[in-house]
Amino acid sequence: KKKMSAEEIAQAFVQHYYTTFDSEERPSLASLYTESSVMTFEGQQFQGATNILGKITSFGQIAHNITTVDVQPSVTESAMLVYVGGHVSIDGDSPIQFSQVFQLVATGPGEFVLNNDIFRLVYT
């Protein structure tokens, strides 16, 4: 079986993450975070899967529209940085631009956790 490229992994991750985030399955994203994971949401920092889940499940209906995905290798072969840009609509309101950066770390073949997650709305 051919090894997936970083781009393929990033695209698959992004599709899974935002499809899940925008559905009733959002709480299942907890499995992507560990106790050492850190999320910064609009300047507020949350550490650990429980605290991060508390934040991401506090929102109502969310719809993401992804326009850009960039990926770079990180400090080890098992880690990569993923930048995502697009628009997000909250409870059916007008879409707002957002950017989000993830550091994915492999825990096994085809299995990744989010070590870092930074989210910002972009007001233009």
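Keep in mind it's a predicted model, so treat the numbers as computed, not measured.

Each value, and the rule that gives it
Residues numbered from 1 in each chain as written. Predicted model: local features only at pLDDT ≥ 70, side-chain atom pairs only at ≥ 80, totals over all residues. Heavy atoms only, no water. Buried < 20%, exposed > 50% of the residue type's maximum accessible area, 1.4 Å probe, protein only. Helix = DSSP H or I, 4+ residues; strand = E, 2+ residues; numbered from the N terminus. Arc of directions from axis to C-beta. Contact = heavy atoms within 4.5 Å. Core = buried A, V, L, I, M, F, W, Y, C linked by side-chain atoms within 4.5 Å. Pairing = 2+ DSSP bridges. Axes fitted to C-alpha atoms, helices over the stretch in contact; angles between N-to-C directions. Phe/Tyr/Trp six-rings, centres within 6.5 Å; stacked < 30°, edge-to-face > 60°.

J.: Which residues make up helix α2 (residues 49-56), and what values go with them?
T.: Within α2, burial applies to Ala49, Ile52, Lys55 and Ile56. Projection of α2 onto a plane perpendicular to its axis shows the buried side chains occupying an angular sector of 125°, all on one side. The inward-facing, buried residues of α2 contact α1 (6-21), β1 (33-41) and β2 (44-47).

J.: Please give an account of the nonpolar core that cites residues and values.
T.: Note that soluble globular proteins tend to have their nonpolar side chains buried in a common cluster. Counting residues in each nonpolar core, the largest one holds 28 residues, and the members touching the most others are Phe13, Tyr17, Tyr33, Val82, Phe102, Leu104 and Leu114. Listing elements by their share of this core, those giving two or more residues are α1, β1, α2, β3 (62-73), β4 (79-90), β5 (96-108) and β6 (111-122). By residue number, the principal contributor to this core is α1, which donates 7 residues. Leave out the neighbours within four places in its chain, and Phe13 touches Leu32, Phe102, Leu104 and Leu114.

J.: So what's going on with the sheet that holds β5? Which residues, and what values?
T.: With respect to topology, 6 strands assemble into an open sheet ordered β2-β1-β6-β5-β4-β3, the strand pairing being mixed. Edge strands, defined here as strands with exactly one partner in the open sheet, are β2 and β3. Pairs of neighbouring strands in the sheet enclose a mean axial angle of 15°, with direction left out of account. Sheet topology note: the β4/β5 ladder contains 10 bridges and is antiparallel. Residue pairing for β5: Gly86 is matched across the bridge by Phe98. Strand contacts of α1: β1, β3, β4, β5 and β6, with the helix running at about 160° to β3, the strand carrying the most contacts.

J.: For the packing of aromatic side chains, give the residues involved together with the corresponding values.
T.: In this description, a pair of aromatic rings is defined by centroid distance and the angle of the planes. Scanning all chains against the criterion turns up 10 aromatic pairs. Here Phe41 and Phe59 contribute two aromatic rings whose centre-to-centre distance is 5.1 Å and whose plane-to-plane angle is 35°, an arrangement assigned as tilted. Here Phe41 is found in strand β1, whereas its partner Phe59 is found in the loop between α2 and β3, with 18 residues between them in sequence. Note on Phe41 and Phe119: the rings are 4.7 Å apart at their centroids and 5° apart in plane angle, and the pair reads as stacked. You can see Phe41 sitting in strand β1 and its partner Phe119 sitting in strand β6, a full 78 residues away along the chain. Residue classification places Phe119 among the buried positions, given a relative accessible area of 6%. Taken together, the aromatic side chains of Phe13, Tyr17, Tyr18, Phe21, Phe41, Phe59, Phe98, Phe102 and Phe119 make up a single cluster linked through ring pairs.

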